Amino acid sequence: MPTVRNVLNVQGGGAKAAALLDFIADRRYGRGSMDFNRITPMPPWVYRQPTNLALLEKYGEENCSRGWCLTHWGTPQNVLRPEKSAKEYDGGSTIRFDTEDRDVRELVRKLSLVFKELTLDYLWASEDVGSSVGAVQFRDGEATIEFVPTPGTRAAVEKSLDILGGRAADYGLIFDPVTGSYEYKGGSNA
């Protein structure tokens, strides 16, 4: 599954932004990291070990970690490598974190309900450049600005590159001025 790079920028005051960043921090790594359990805690009855069909039938998909996480967090598991996020943190009001395969817009929306007076800018981009990318701004549970380009379009690829901090060539892409779109160097579109 592709990794999704997520960026959360908190606007609205130094002390309040710091309180939000402390609230969501993975307690093992501190500010700059994120733990989805801090926003929507996984109940103790959820089966957290790897599952097979027999266990899914026994407990129900919603009571096994992957199903529960998809339903409540929007992604199959908690933040990937929170220690990396903490190391990348520069002390400001923006954190970066990785998730498996999906964005966590709904979770960020819920967070904006807890910190109503702050504005949360949330951006995401899959390492599969141009496939899953977007930006949304939340305040008090409402999306005030939202940009989710159609996958595979020039806008999607360019927004992905902006969020990922790379160049098209870094991902095997070239811009074709004739078609006005990006293509993989091998000649096939992805």
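For the structure itself, consult the block above.
Residues numbered from 1 in each chain as written. Predicted model: local features only at pLDDT ≥ 70, side-chain atom pairs only at ≥ 80, totals over all residues. Heavy atoms only, no water.

Draft legend 1. Geometry of the nonpolar core. Residues Leu-8, Leu-20, Ile-24 and Phe-97 are the most contacted members of the largest nonpolar core, which totals 30 residues. In terms of residue count, the dominant contributor to this core is helix α1 (residues 14–24) (4 residues). Setting aside anything within four residues of it in sequence, one finds Ile-24 in contact with Leu-8, Ser-33, Met-34, Asp-35, Arg-38, Ile-39, Ile-95 and Leu-111. Ranked by size, the runner-up nonpolar core spans 7 residues in total, among them Ala-125, Val-133, Ala-135 and Ala-156. (Core = buried A, V, L, I, M, F, W, Y, C linked by side-chain atoms within 4.5 Å. Buried < 20%, exposed > 50% of the residue type's maximum accessible area, 1.4 Å probe, protein only. Helix = DSSP H or I, 4+ residues; strand = E, 2+ residues; numbered from the N terminus. Contact = heavy atoms within 4.5 Å.)

Draft legend 2. Fine view of the sheet that holds strand β2 (residues 94–100). The 5 strands are arranged β2-β1-β3-β4-β5 in an open sheet whose pairing can be described as antiparallel. What marks the edges here is a single partner per strand, and that holds for β2 and β5 (142–147). Taking the axes of each pair of neighbouring strands and ignoring which way they run, one obtains an average angle of 20° across the sheet. The strands touched by α1 within the sheet are β1 (3–11), β2 and β3 (119–126), with β1 carrying the most contacts at an inclination of about 145°. (Pairing = 2+ DSSP bridges. Axes fitted to C-alpha atoms, helices over the stretch in contact; angles between N-to-C directions.)

Draft legend 3. Here's a closer look at the packing of aromatic side chains. Within this structure, the stated rule accounts for 7 aromatic pairs. Here Phe-36 and Phe-97 contribute two aromatic rings whose centre-to-centre distance is 6.1 Å and whose plane-to-plane angle is 80°, an arrangement assigned as edge-to-face. With Phe-36 in the loop between α1 and α2 (53–59) and Phe-97 in strand β2, this pair connects stretches of sequence that are 61 residues apart. Relative to Tyr-59, the ring of Tyr-47 lies with its centre 4.9 Å away and its plane at 15°, an arrangement referred to as stacked. Here Tyr-47 is found in the loop between α1 and α2, whereas its partner Tyr-59 is found in helix α2, with 12 residues between them in sequence. For Tyr-47, a relative accessible area of 23% corresponds to the partly exposed category. (Phe/Tyr/Trp six-rings, centres within 6.5 Å; stacked < 30°, edge-to-face > 60°.)

Draft legend 4. Examining the pairing of β5 more closely. Two elements, strand β4 (residues 133–139) and β5, share 5 bridges in a ladder whose sense is antiparallel. Counterpart to Ala-135 in the pairing with β5 is Phe-147. Taking the residues between adjacent antiparallel strands as the criterion, β4 and β5 are bridged by 2 residues, where Asp-140 takes a positive phi near 50°.

Draft legend 5. Main features of unusual backbone geometry. A positive phi angle, near 50°, is found at Arg-81, a position not held by glycine. Among the structural elements, Arg-81 can be located in the loop between α3 (65–72) and α4 (82–88). For Asp-140, which is not a glycine, the phi torsion comes out positive at approximately 50°. Residue position: Asp-140 is located in the loop between β4 and β5.

Draft legend 6. Expanded view of the side chain of Asn-6. Position of Asn-6 among the secondary structure elements: in strand β1. Within polar-contact distance, the side chain of Asn-6 engages the backbone oxygen of Val-4 at 3.0 Å. (Polar contact = N/O pair within 3.5 Å; in protein donor to acceptor, adjacent residues only side chain to side chain.)

Draft legend 7. Expanded view of helix α5 (residues 105–114). Along α5, the positions that sit buried rather than exposed are Leu-107, Val-108, Leu-111 and Ser-112. Buried residues along α5 cover an arc of 145° about the axis, so they all sit on one side. Where α5 is buried, its residues contact β1, α1, α3, β3 and β4. (Arc of directions from axis to C-beta.)

That is the geometry; function is a separate question.
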